[in-house]
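Summary of structural features
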Amino acid sequence: MVWKTHDYDNIPGTYVFDGKQSSQSYELNKLFYSLNEAGNREALWNDPEAYMANFNLSDEQRDALRNNNFLEVVKKGGNIYYLAKMAIPRGISVQHVGAQFQDITVDDFRQKLEDNAEGFVEKLNKVGGYWNG
Amino acid sequence: MVWKTHDYDNIPGTYVFDGKQSSQSYELNKLFYSLNEAGNREALWNDPEAYMANFNLSDEQRDALRNNNFLEVVKKGGNIYYLAKMAIPRGISVQHVGAQFQDITVDDFRQKLEDNAEGFVEKLNKVGGYWNG
Amino acid sequence: MAKIIGGITSSHIPAVGNAITQGLTQEPYWKRFFDGYQPAVKWLEEAKPDVIIVVYNDHGLNFFLDKIPTFAIGCADKYINADEGWGLNAVGDFEGDQAFSWHLAESLVEQEFDICTCQEMKVDHGFVNPMRVLLEKEKDWGVKVVPFAVNTVQHPVPSGKRCLKIGEALGKAIESYPEDLRVVIFGTGGMSHQLQGERAGLINVDFDIETMESVISEPEKFASLSNAEIIEQAGTEGIETIMWLVMRGALQPDAKLIHKHYHAPISNTGAGVLVLENQ
Amino acid sequence: MAKIIGGITSSHIPAVGNAITQGLTQEPYWKRFFDGYQPAVKWLEEAKPDVIIVVYNDHGLNFFLDKIPTFAIGCADKYINADEGWGLNAVGDFEGDQAFSWHLAESLVEQEFDICTCQEMKVDHGFVNPMRVLLEKEKDWGVKVVPFAVNTVQHPVPSGKRCLKIGEALGKAIESYPEDLRVVIFGTGGMSHQLQGERAGLINVDFDIETMESVISEPEKFASLSNAEIIEQAGTEGIETIMWLVMRGALQPDAKLIHKHYHAPISNTGAGVLVLENQ
Ligand SMILES: [Fe+3]
Ligand SMILES: [Fe+3]
């Protein structure tokens, strides 16, 4: 077993969901996938420990779920789209999750998004031809 | 909806399992596929009508199953590998099915296979290099 | 013969579905984003497609990690938008065209693309939201659909180059179908966004604009980037933008630009709209 | 670096599994068929592979018609031989090599093959019977495996040409893996047989021999046939023989023939065995 390295391995703060990640977290993502069904979401909320016991999770994965430690979940191979199936129905939006990854408030996270997009209309005007109301 | 024709459409006695065949028989093959599970095989044997009612079959498909009319099953889009899941566990081998397609006995069907292979050792010797004991 | 009228690109952000459901499209946050779709909505109305092929990625509804096909095509007579655990209200079913789908599958396999055929296929927000925004409907879509799923979730993900090529093959497949169908193709997903890791919240306006300009007139340029380069620039989820190349490949190289629109951020994402029309 | 030692072709007839289970291999009906495998069994023992890649088709165990991928590769650490409704006794589990499988998947996608990755994969008689005949075991196989499934059941099925090409790509993928693995590839299925319709019982010895000779020294020739031509000559289920081309493509063009064996009929089928060794 030799895991090859990839050209995307060293992008800071970025965990590309590939075979290595996915294979270590298959059961974890299976748990998330099961939450497509409303009944399973309820079962998880009613008794998280019992529900987690249906899946072959590592102790670390279980802890990360218990503590809503989303960064740990992602590092352990939880896929963000799958993780969302656990977070969103509890009122934890993807932006909440994003904020938690960086240990900032949701408002700060939203501001960051705005800042990152700052000046986009001017940029569009410079290229020309874009709709602008 | 225009089904295109294919270069394999007119081979005599041959029903190529393609999209057209498969799409008309999706539920039928789903029934067969369910027979991968021993419990389902038992359920089908114990009460064929009740079991068939779990699937959205046409009257003709249901009739073909009731009568073990395998040729009709294949013409209606039943896949032979899937059909085998219903036949084999009842002791109806693929050779029995093959014989039934042609309305001959199993012995005759086996003889036909032997006849079709007749003289293969001589042919191998002619080409040369084949293992021969 | 079937004819490709044109193509549209669109993000497929989940929040967009909720904004429509909750009637927020004219609220300050959403107004510019939705208003910029109107020329596309109008063009599509006039294009009167018989079939829309929606290129999208599944986010863990129809496909689980037990089986992830690189490219998958719907071959069913009906596609259902089921609960995907994201609190989105399911919309009405979509009608398929089996004979057309199977023709596309056969032609693609003949052209050496190794697709997965799906006779049962649930469609998630990636498919549904572009339909809702661009047709402004919740049911009775008045058009048949072919879902065309690209794996952008679990790497290895196909390269942009491969997406452009399968788009070209899809174009040939469509135009070799004997029925007089009017076909429009949606390329959905993207643009820049990253939902995961400490880099979450990334938006790259410059890269998005460059990508849009490239997709319009020089798709080979965007297609020449490696997936690592796209991820670095557009974020892990921004890789979805490669799906635009499937649509682009199916159109004529000199397809005419009808409309372009960009807004950011919307939810976590840079969102671009293109309408391209075959000559 | 990983090295391809050679490849073996074999039918994967269900009855073969039963004959082994029931201890019939030396009965008159079976004796010539099984005896002709012995040089292959011996070669394989001496080849001491670390991994065997088994190219086979699923017959409705792991894949249902909701999702039929053209090519699928196992990426699991374990593969289970489950009940497939054919009255076959399940044998012991097979051990996988995830890192190697994922490397193959990545390399194939990079080489523009659109495979489906499977992290859970039940293997049926198509996979199991060649393992049983060639390793003469029921469990503790002493070797890791990679199941490589080709759709030969529901058309559109890939062309022989495409199978040969993905074989070539698979060869490159294997030989670019950094670990010193010894790899053997099984190409299974075929040869001529038709199980369905009034033409059931077809066996075409001439075509089978031609195919074997072509696969040995001139695979492009067999690969140039259309699927309709192969079906016409070898029967609807005889189309499985295209899978031999995946194995052949992965080997050197001048791979050395070690053994060839043919017997017919066995069950409903013309059955061929080839052992080819890389130089
Ligand atoms: Fe998406
Ligand atoms: Fe087979």
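Every value quoted in this text rests on a predicted model; they were computed, and no experiment measured them.

A word on the domain arrangement of chain A
Residue and element names in this part refer to chain A. Once the domains are mapped, chain A shows domain 1 (14-102) and domain 2 (107-133). The gap between the C-alpha centroids of domain 1 and domain 2 is 33 Å. Taken together, the four residues of domain 1 in the interface contact four residues of domain 2. Around 380 Å² of area is buried between domain 1 and domain 2 when both sides are counted, 51% of it from carbon and sulfur atoms.

Some details on the sheet that holds strand β8 (residues 144-150) of chain D
Pairing in this open sheet of nine strands is mixed, and the strands run β3(C)-β7(D)-β4(D)-β8(D)-β2(D)-β9(D)-β1(D)-β11(D)-β10(D) from one edge to the other. At either margin of the open sheet sits one strand with a lone partner, and together these are β3 (68-69) of chain C together with β10 (256-266) of chain D. Alignment of strand β4 (residues 71-74) of chain D against β8 of chain D, held across three bridges, turns out to be antiparallel. Paired with Ala72 of chain D across the two strands is Ala149 of chain D, which belongs to β8 of chain D. Lying over the sheet, helix α3 (residues 38-47) of chain D contacts β1 (3-10), β2 (51-56), β9 (182-188), β10 and β11 (269-277) of chain D, oriented at roughly 160 degrees with respect to β1 of chain D.

With respect to the packing of helix α3 (residues 38-47) of chain C against helix α5 (residues 125-135) of chain C
All names here are of chain C. It is the contact of α3 with α5, at a shortest axis distance of 8 Å, that shows an interaxial angle of 85 degrees. Comparing their axes, α5 and α3 come out roughly perpendicular. Contact with α3, carried on its side by Ala40, Val41 and Leu44, involves Val133, Leu134 and Leu135 of α5 and no other residues of that element. Taken together, the residues that form the contact of α3 with α5 break down as six nonpolar, no polar and no charged.

Quick notes on the interface of chain A and chain D
For an interface, size is often stated in terms of accessible area lost upon the parts coming together. Facing 11 residues of chain A, the contacting portion of chain D comprises 13 residues. Across the interface of chain A and chain D, roughly 1,100 Å² is buried in total on both sides, 54% from carbon and sulfur atoms. Contact with chain D buries surface across chain A, with Met1, Val2 and Lys4 of chain A losing the most and accounting together for 48% of the total. Counting across the interface, chain A meets chain D through one salt bridge. Here Glu120 of chain D ties to Lys30 of chain A by a salt bridge, and the two come within 3.4 Å at their closest N and O atoms. There are six residue pairs in polar contact (both at pLDDT 80 or more) connecting chain A and chain D. Elements represented by at least two residues in the side of chain A that touches chain D include exactly α1 (19-24) and α2 (26-34) of chain A. Across the side of chain A that touches chain D, the residue classes break down as five nonpolar, four polar and two charged.

Brief notes about the interface of chain A and chain C
Facing 52 residues of chain A, the contacting portion of chain C comprises 52 residues. Each partner contributes to the roughly 4,500 Å² buried at the junction of chain A and chain C, and carbon and sulfur atoms together form 61% of this total. For the chain A face of the interface with chain C, the top three residues by lost area are Tyr81, Tyr130 and Trp131 of chain A, together amounting to 19%. Across the chain A-chain C interface, the total number found is two salt bridges.

Definitions and limits used
- Residues numbered from 1 in each chain as written.
- Chains lettered and ligands numbered in written order.
- Predicted model: local features only at pLDDT ≥ 70, side-chain atom pairs only at ≥ 80, totals over all residues.
- Heavy atoms only, no water.
- Domains from an automatic or database assignment.
- Contact = heavy atoms within 4.5 Å.
- Buried area = accessible area lost by both parts, 1.4 Å probe.
- Pairing = 2+ DSSP bridges.
- Helix = DSSP H or I, 4+ residues; strand = E, 2+ residues; numbered from the N terminus.
- Axes fitted to C-alpha atoms, helices over the stretch in contact; angles between N-to-C directions.
- Parallel < 35°, antiparallel > 145°, perpendicular 65-115°, else oblique.
- Nonpolar A, V, L, I, M, F, W, Y, C, P; charged D, E, K, R; others polar.
- Salt bridge = Lys/Arg side-chain N within 4 Å of Asp/Glu carboxyl O.
- Polar contact = N/O pair within 3.5 Å; in protein donor to acceptor, adjacent residues only side chain to side chain.

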